[in-house]
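Residues per chain are reported as follows:
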Amino acid sequence: MKVIIRKNSAEGSLWAAHYIAAKINAKAAVSDKPFVIGLCTGSTPIETYAELIRMVKAGEVSFKNVISFNMDEYVGLPVEHPESYHSFMHRYLFDHIDEKPENIHILDGNAKDIEAECAAYEKAIVDAGGFDLFLGGVGEDGHIAFNEPFSSLESRTRVVTLTQDTREVNARFFDGDFNKVPKQALTVGVATVLSSKEVVILAFGSKKARALKDAIEGPMSHYCTLSGLQAHPAGTIVCDENSIGEVKVNSYRYFKAVEEAENA
C-alpha cells in the first residue's frame, strides 16, 4: 500500500486528477482498448473531478475512449432527484467531459429486478475488461462504496441496507432530514473494487482519521472494509495532514520517505 500525503484536500485532489489523467494517457499511447475506471460520489471527489474537467477542456486528457462504472446508487430514488448519484455524476463530471454516453454505467436503483441488475453490472465490468483503476472514497467508519462495517471482503455487487450512521452522515444532502435518506442502496462489493488493477482512495479531513488508522495500521478486517486494500498489489490512499493525523509518527515518516525516494 502507498500513502500519498498532501497538505490539504486541494493538493491531494490535484495529485489524484493528474495521476488518473496520466494513466489514461499512458494506456492510450500503447493500446486502442478503452481505459476502464470506477468512480465515486460524495463531496470528497468533487475537486478531483473539477481538475479532470479542466484538463479535458485544455486538451490534456480525453475521456473519449474511457468506460466508467459508478460504485453505488440509492434504491428507490428517482434518477432525476438532485441527490441521486446519476444526477451527481452528470452535475460534477459527465456533463463537462467528452466521455461517450454509452460508456457511462451507473447502477439502476429503480430496476424491477434488483438482483438481476447487480448480476448484470458485475458481468458488464468483466465484459469491459475489468477496471484499470478504481477511484473511491472512504466513510468515517472505514467503509468503501456502501460496504458498511462487517461486509464480506469477498462481496460483489448487491443490495445493502444502510446503517443509521451512514444515513445520518448523508442527511446533509437531504435537507438535514434523516428520514429522507433512502434505507437501501446498490453497491459494488469489496471484492469488486479490489479486482481493479489499481485502486486509489481519497480521504480528507480529520473525520477520516480513525478510518485511515484502522485501514493502514490495523488488521485486515470486515470491521473496516477499506483495510482490504492491504492485500492489493497496487493500492494507494491519497490523504491530507488532518486525515493522516492518527497514524504512528514512524508510519507517517515511512510513507513520506517512500514518495521522496520514488521522486528523487
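Draft legend 1. Seen up close, the pattern of salt bridges. Summed over all chains, the structure comprises twelve salt bridges. Between glutamate 122 and arginine 156 there is a salt bridge, and its shortest N-O distance comes to 3.6 Å. With a gap of 34 residues between them, glutamate 122 in helix α4 (residues 114-127) and arginine 156 in the loop between β6 (133-137) and β7 (158-161) connect regions that are remote in the sequence. Residue arginine 156 is classed as partly exposed on the basis of its relative accessible area, which comes to 40%. Among the ionic pairs, lysine 123 bridges to aspartate 127, the shortest N-O distance being 2.7 Å. Within this pair, lysine 123 and its partner aspartate 127 are both found in helix α4, separated by four residues, close to a single helical turn. Accessibility classification places lysine 123 together with aspartate 127 in one group, the exposed group.

Draft legend 2. Structural context of the sheet that holds strand β8 (residues 184-187). Read from one edge to the other, the open sheet built from three strands follows the order β4-β8-β7, with strand pairing classed as antiparallel. The outermost strands of the open sheet, each flanked by one partner alone, are β4 (72-74) and β7. Going from strand to strand, the sheet's axes swing by 30° on average, the running direction of each strand aside. As defined by bridge partners, β7 adjoins β8 across four bridges and the pair is classed as antiparallel. Along β8, the bridge assignment pairs threonine 161 with glutamine 184. With respect to the sheet, α4 is in contact with β7 and β8, its orientation differing from that of β7 by roughly 125°.

Parameters and conventions
Residues numbered from 1 in each chain as written. Predicted model: local features only at pLDDT ≥ 70, side-chain atom pairs only at ≥ 80, totals over all residues. Heavy atoms only, no water. Salt bridge = Lys/Arg side-chain N within 4 Å of Asp/Glu carboxyl O. Helix = DSSP H or I, 4+ residues; strand = E, 2+ residues; numbered from the N terminus. Buried < 20%, exposed > 50% of the residue type's maximum accessible area, 1.4 Å probe, protein only. Pairing = 2+ DSSP bridges. Axes fitted to C-alpha atoms, helices over the stretch in contact; angles between N-to-C directions. Contact = heavy atoms within 4.5 Å.

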